[in-house]
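If you want the building blocks of each chain, they are given just below.
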Amino acid sequence: MSNNKTQSFLASVNQNFDKAAGFTDIPKGILEQIKVCNAVYEIKFPVRIGDQIEVINAFRAQHSHHRLPTKGGIRYNEHVDKEEVEALAALMTYKCAIVDVPFGGAKGGVKINPRIYTEEQLERITRRYTTELIRKNFIGPGIDVPAPDYGTGPREMAWIYDTYLTFKVGDIDAAGCVTGKPINQNGIRGRNEATGRGVFYGLRELCDTEDAMKKVGLSKGLQGKKVVIQGLGNVGSFTGNIMQDEGDIRIIGVSEYEGAIYSENGINFSELLKYRSQNNGSIIGFPGSQTLPSREAALELDCDILIPAALENQITIANAAQIKAKIIGEAANGPVSAEAEEILLKKGALIVPDMYLNAGGVTVSYFEWLKNLSHMRFGRMEKRFDSNTYSNFVGLIEKLTSKSIGEREREFLTRGADEIDLVRSGLEETMVTSFQQIWETYQKNSKIDGLRSAAFVAALEKISNDYANLGIFP
Ligand code: NAD
């Protein structure tokens, strides 16, 4: 899927890799091993659609086996091809390293337009694809663990889990074969929102960094920032809702498949999502908004933060010069081509790279996998114990001060953490710590011209350390 005629997504990822590798002293052979895709499985399988038989083309790429299992989403899109899946799998390797998730990178793709199939047909395609992965040992809790991506969600993950279970009767860890499952199917609270919530934490950290805001001439803090969002799927919708509710931003533009809208006064994002679901899936005509001439026009609006949350190659050499945003938060994978990045960096923009900013999904997928292997909900053991301990503290304070604490404060102070609290806290800690690592790398070396190279350098150093410790077999 590319508007950019001159550079493919994979070429872009590799160009970014090469540029960042130049800032390290990692030996050439190790760099080469980190860069290449370790294994790709391409499958063609038949599925009965109505009274026809359709041959479906699908892929699973395992980019790096330096840590196992490998991990990465499964994409359903008619433009999927081998190169795209390889590029996405490579990003997963770097992403996992940046947020210290102990997996290698992988990605799956099924070359279909999911909008034209019924639910039953999609289930058949998903189950057959999973069966093919099982046959070649390309899925399993210790081998390769898929998750949702563009065009897939918890429903598809439940079908994958059930198919795996059908073939692996008695595998006690079977639930860990896929993440992003519905909560009642061994999923975890907070996975659905995780990528969007991570985007919020990442951008909040950037905007709270004084030097970063000075660089782009903006005031410190997320509050009041003018934001444009492209894509209202899983990532875009949670990003918008959480940023508006918890970050107090002003969303002035939104772009979706059907077109784009604009309002200088700000768009009530949750109302817009409601409007779209009641308006035949269209944002056009949202009260108080103006329709833009094209969906691409939203990307060129004068805003503080532009958040592409749809697909790769949305900002290319064709439109980079017209982009006015001072910060580009890559919620999608690969939305800015490497060539376009050079133009944007020269204009002084800060690009918060995909391999960091959308890593909330894989971080909470890691928590889900851990939950599946431990066979227990987070918080179950300690919630009551913590709550009783806090109650005793409150009682003691009341006794010592001879003052009583109000009911609401008492409830707040004595609450033990639920699973969702722990997941959000773990995600926030991950995004904050990783941002600091990237920012430090960026500050340390004046030759590093952007946050993407800084993130790459941080990732490459961690992965090369792994190789140095593992040695090369035989
Ligand atoms: P999704 O299928 O839920 O939603 C994507 C949305 O983008 C759809 O509503 C689609 O109509 C819209 N869209 C497509 N082309 C568009 C265009 N040209 N202009 C405007 N809107 C357009 O997908 P998602 O899961 O939200 O994934 C979006 C991006 O985020 C992808 O790049 C994906 O790889 C990345 N990502 C997803 C996750 C995750 O947890 N789902 C995690 C990390 C990264």
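Up top you'll find the structure we're talking about.
A brief report on the enclosed structure follows. Only a predicted model underlies this, so the values are computations on that prediction, with no experimental measurement involved.

**Observations concerning the site of the ligand**
So, step 1. Surrounding the ligand, one finds 24 residues, the nearest of these being Arg75, Asp149, Thr195, Glu256 and Asn333.
So, step 2. Arginine 115 places a side-chain nitrogen or oxygen 3.3 Å from an oxygen atom of the ligand.
So, step 3. Coverage of the ligand by the protein amounts to 92% of the 830 Å² it exposes when considered alone.
So, step 4. Elements with a contribution of two residues or more to the shell around the ligand: α8 (234-247) and β7 (250-256).
So, step 5. Taken together, the residues of the shell around the ligand sort by class into eight nonpolar, ten polar and six charged.

**A few points about unusual backbone geometry**
So, step 1. At the junction of leucine 68 and proline 69, the peptide bond is cis and its omega measures out at 5 degrees in the coordinates.
So, step 2. Tracing the sequence through the fold places proline 69 in the loop between β2 (52-62) and β3 (70-76).
So, step 3. With an omega dihedral of 5 degrees, the bond running from phenylalanine 473 to proline 474 counts as a cis peptide bond.
So, step 4. Along the polypeptide, proline 474 turns up in the segment after α16 (451-470).
So, step 5. Phi at asparagine 137 is positive, roughly 60 degrees, even though this residue is not glycine.
So, step 6. Phi is positive for serine 402, close to 55 degrees, though the residue is something other than glycine.
So, step 7. Assignment of secondary structure puts serine 402 in the loop between α13 (383-401) and α14 (407-413).

Cut-offs and rules
- Residues numbered from 1 in each chain as written.
- Predicted model: local features only at pLDDT ≥ 70, side-chain atom pairs only at ≥ 80, totals over all residues.
- Heavy atoms only, no water.
- Near = heavy atom within 4 Å.
- Polar contact = N/O pair within 3.5 Å; in protein donor to acceptor, adjacent residues only side chain to side chain.
- Areas by Shrake-Rupley, 256 points an atom, 1.4 Å probe, with all protein chains shown as cover.
- Helix = DSSP H or I, 4+ residues; strand = E, 2+ residues; numbered from the N terminus.
- Nonpolar A, V, L, I, M, F, W, Y, C, P; charged D, E, K, R; others polar.

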